[in-house]
Amino acid sequence: TRVQSSYVKDTITLQEIKNINLYPNPAIDFVTVELPENMDNLVAKLYNTTGQQVASDITITSPTSLIINTQSLAAGTYTILVHNSTQFGSISFVKQ
(Lines give C-alpha, C1' and ligand atoms only; values in the text may rest on other atoms or scores of the structure.)
Protein backbone atom coordinates (compact mmCIF):
# COMPACT_ATOMS: atom_id res chain seq x y z
CA THR A 1 0.00 0.00 0.00
CA ARG A 2 1.36 3.36 -0.96
CA VAL A 3 0.31 6.53 0.81
CA GLN A 4 0.95 9.92 -0.65
CA SER A 5 0.80 13.05 1.34
CA SER A 6 0.80 16.55 0.02
CA TYR A 7 0.36 19.78 1.87
CA VAL A 8 0.91 23.44 1.50
CA LYS A 9 3.34 24.88 3.97
CA ASP A 10 2.62 28.47 4.93
CA THR A 11 5.65 30.65 5.26
CA ILE A 12 5.49 33.23 7.99
CA THR A 13 8.17 35.86 8.31
CA LEU A 14 8.63 37.08 11.86
CA GLN A 15 10.42 40.27 12.70
CA GLU A 16 13.13 39.87 15.33
CA ILE A 17 12.80 42.11 18.37
CA LYS A 18 16.06 43.72 19.36
CA ASN A 19 16.95 45.68 22.49
CA ILE A 20 15.05 43.51 24.97
CA ASN A 21 15.97 44.51 28.52
CA LEU A 22 16.04 42.13 31.47
CA TYR A 23 16.82 42.81 35.12
CA PRO A 24 18.13 41.85 37.59
CA ASN A 25 20.70 39.53 36.07
CA PRO A 26 21.70 37.36 37.84
CA ALA A 27 18.25 36.72 39.32
CA ILE A 28 17.21 35.37 42.68
CA ASP A 29 13.44 35.75 43.09
CA PHE A 30 12.22 37.27 39.82
CA VAL A 31 13.24 38.91 36.54
CA THR A 32 11.52 41.71 34.70
CA VAL A 33 11.60 41.74 30.90
CA GLU A 34 10.97 44.99 29.04
CA LEU A 35 10.26 44.96 25.32
CA PRO A 36 11.08 47.97 23.14
CA GLU A 37 7.63 48.04 21.53
CA ASN A 38 4.04 46.93 22.03
CA MET A 39 3.40 43.23 21.43
CA ASP A 40 -0.28 42.38 21.26
CA ASN A 41 -1.14 38.74 22.05
CA LEU A 42 2.24 38.24 23.68
CA VAL A 43 3.32 34.67 24.46
CA ALA A 44 6.32 34.02 26.73
CA LYS A 45 8.07 30.72 27.39
CA LEU A 46 11.07 29.81 29.51
CA TYR A 47 13.72 27.26 28.50
CA ASN A 48 16.71 25.74 30.29
CA THR A 49 20.12 25.16 28.69
CA THR A 50 19.06 21.76 27.31
CA GLY A 51 16.16 23.33 25.41
CA GLN A 52 13.44 21.97 27.67
CA GLN A 53 10.52 24.26 28.39
CA VAL A 54 10.46 25.05 32.10
CA ALA A 55 7.26 25.64 34.02
CA SER A 56 7.42 28.99 35.70
CA ASP A 57 5.08 31.70 36.86
CA ILE A 58 5.13 34.27 34.04
CA THR A 59 2.99 37.37 34.48
CA ILE A 60 2.47 39.59 31.44
CA THR A 61 2.07 43.00 33.03
CA SER A 62 1.55 44.95 29.79
CA PRO A 63 2.14 44.55 26.03
CA THR A 64 5.72 45.72 26.67
CA SER A 65 6.70 43.95 29.90
CA LEU A 66 6.50 40.75 31.88
CA ILE A 67 7.70 39.40 35.20
CA ILE A 68 8.97 35.87 35.76
CA ASN A 69 9.00 34.33 39.22
CA THR A 70 12.32 32.46 39.47
CA GLN A 71 12.11 31.27 43.08
CA SER A 72 11.36 27.65 42.13
CA LEU A 73 14.03 27.43 39.43
CA ALA A 74 17.30 25.59 39.99
CA ALA A 75 20.49 27.62 39.67
CA GLY A 76 21.58 27.90 36.04
CA THR A 77 21.09 29.74 32.77
CA TYR A 78 17.64 30.19 31.23
CA THR A 79 16.33 31.72 28.02
CA ILE A 80 13.04 33.56 27.69
CA LEU A 81 11.38 33.40 24.28
CA VAL A 82 8.68 35.96 23.55
CA HIS A 83 6.59 36.05 20.40
CA ASN A 84 3.30 36.87 18.79
CA SER A 85 2.06 36.31 15.25
CA THR A 86 4.51 38.79 13.70
CA GLN A 87 7.47 39.22 16.07
CA PHE A 88 9.85 37.16 18.20
CA GLY A 89 12.75 37.73 20.53
CA SER A 90 14.80 36.01 23.20
CA ILE A 91 17.06 36.91 26.08
CA SER A 92 18.97 34.83 28.61
CA PHE A 93 19.61 35.23 32.31
CA VAL A 94 21.35 33.47 35.16
CA LYS A 95 19.42 32.19 38.18
CA GLN A 96 21.55 32.09 41.35
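Note that the structure is predicted; figures quoted are calculated from it, not measured. (Residues numbered from 1 in each chain as written. Predicted model: local features only at pLDDT ≥ 70, side-chain atom pairs only at ≥ 80, totals over all residues. Heavy atoms only, no water.)

Student: Which parts of the structure should I look at to understand the nonpolar core?
Tutor: Nonpolar side chains tend toward joint burial in soluble globular proteins. Counting residues in hydrophobic clusters, the biggest one holds 20 residues, and the most contacted among them are L46, I80, V82 and F93. Residue assignment for this core shows that the elements contributing at least two residues are strand 3 (30–34), strand 4 (43–48), strand 6 (65–69), strand 7 (76–83) and strand 8 (87–95). What V82 contacts, discounting residues up to four positions off in sequence, is I17, I20, L35, M39, L42, V43, A44, L66, Q87, F88 and G89. (Core = buried A, V, L, I, M, F, W, Y, C linked by side-chain atoms within 4.5 Å. Buried < 20%, exposed > 50% of the residue type's maximum accessible area, 1.4 Å probe, protein only. Helix = DSSP H or I, 4+ residues; strand = E, 2+ residues; numbered from the N terminus. Contact = heavy atoms within 4.5 Å.)

Student: Would you mind going over the packing of aromatic side chains with me for this structure?
Tutor: Taken as a whole and judged by the stated rule, the model has one aromatic pair. Ring geometry for Y78 and F93: centres 5.8 Å apart, planes at 25 degrees, overall stacked. With Y78 in strand 7 and F93 in strand 8, the pair connects residues that are 15 residues apart, well separated along the chain. (Phe/Tyr/Trp six-rings, centres within 6.5 Å; stacked < 30°, edge-to-face > 60°.)

Student: Looking at this model, I keep getting lost on the pairing of strand 5 (residues 57–62). Mind explaining?
Tutor: Regular strands place their side chains on alternate faces of the sheet. In the sheet, strand 5 pairs with strand 6 via five bridges, with the strands oriented antiparallel. When the bridges of strand 6 are listed, T59 appears paired with I67. Counted between consecutive antiparallel strands, the loop separating strand 5 from strand 6 contains two residues. (Pairing = 2+ DSSP bridges.)

Bear in mind that shape data such as this cannot, by itself, settle questions of function.
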